[in-house]
Amino acid sequence: MKLFSFPTSPYGRKVMLMALELGLEDQLDQQVIPVFKSEEYRKTNPLGRIPALQPAEGEEVLFDSFVVCDYLDNLHDQDPFIPKDGKSRYQVLRLHALANGITDAALNLRAQIMRNAELEVDLPEDWYIDRQKAAINAGLDELEKSLDQLSGNLNLGVIATAAMLGYLDFRLPHLQWRDGRDKLTVWYGEFEKRPSMQATIPAD
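Everything numeric in this text was worked out from a predicted model, so none of it was measured. (Residues numbered from 1 in each chain as written. Predicted model: local features only at pLDDT ≥ 70, side-chain atom pairs only at ≥ 80, totals over all residues. Heavy atoms only, no water.)

A.B. asks: Break down the pattern of salt bridges for me, with residues and values.
C.D. replies: For the coordinates displayed, the defined rule picks out nine salt bridges. Asp141 is the partner of Arg181 in a salt bridge, and the nearest nitrogen-oxygen pair spans 2.9 Å. With Arg181 in the loop between helix H5 (156-171) and helix H6 (182-191) and Asp141 in helix H4 (residues 127-145), the pair connects residues that are 40 residues apart, well separated along the chain. You can call Arg181 buried: its relative accessible area is 6%. You can call Asp141 partly exposed: its relative accessible area is 38%. Asp169 is paired through a salt bridge with Arg178; the nearest N and O atoms lie 2.8 Å apart. Residue Arg178 is classed as partly exposed on the basis of its relative accessible area of 30%. Salt bridges sharing common partners tie together Arg94, Glu142 and Lys145. (Salt bridge = Lys/Arg side-chain N within 4 Å of Asp/Glu carboxyl O. Helix = DSSP H or I, 4+ residues; strand = E, 2+ residues; numbered from the N terminus. Buried < 20%, exposed > 50% of the residue type's maximum accessible area, 1.4 Å probe, protein only.)

As structure tokens, then:
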């Protein structure tokens, strides 16, 4: 299988975390795709986004990190990382959606900060930046309140949360997400010791 990704992508890291935790990493041929030079890549994936997965030569490429993770979740004999039905399925999907939403806001925030820096403007009242920060903080507060959902069996929502927090540390440390979130801080401090997390630490 070919995995098209980039080392600093939190969505790509989520896929690799899942592959490592499931013991599927040896089945993945990682193809590094620079996001901002993706015109050639669009011949493979019309959206030009990462991560994406080509299950086999000649097969259609799967894109969107959730779709890729769902595909991987059908290639192992462990308990599913995305429960197939019942209440637990929607608890995992909700947690995943929350973590992914915070990640979206974090990426949007970083992009706007970089854009402002490139234009050499300082907009302290930038409504777009404020909106992303509000989404990040509200989402993190929700995680702090519902930490029990992170403390059970390993699942896609847990992995997405870990990848998101790692991205905040990597790209937006000035947000100091740990402030006032002691339980989430302790949880992540333990989770980031996992071999899968250590093997996927992003670096410029």
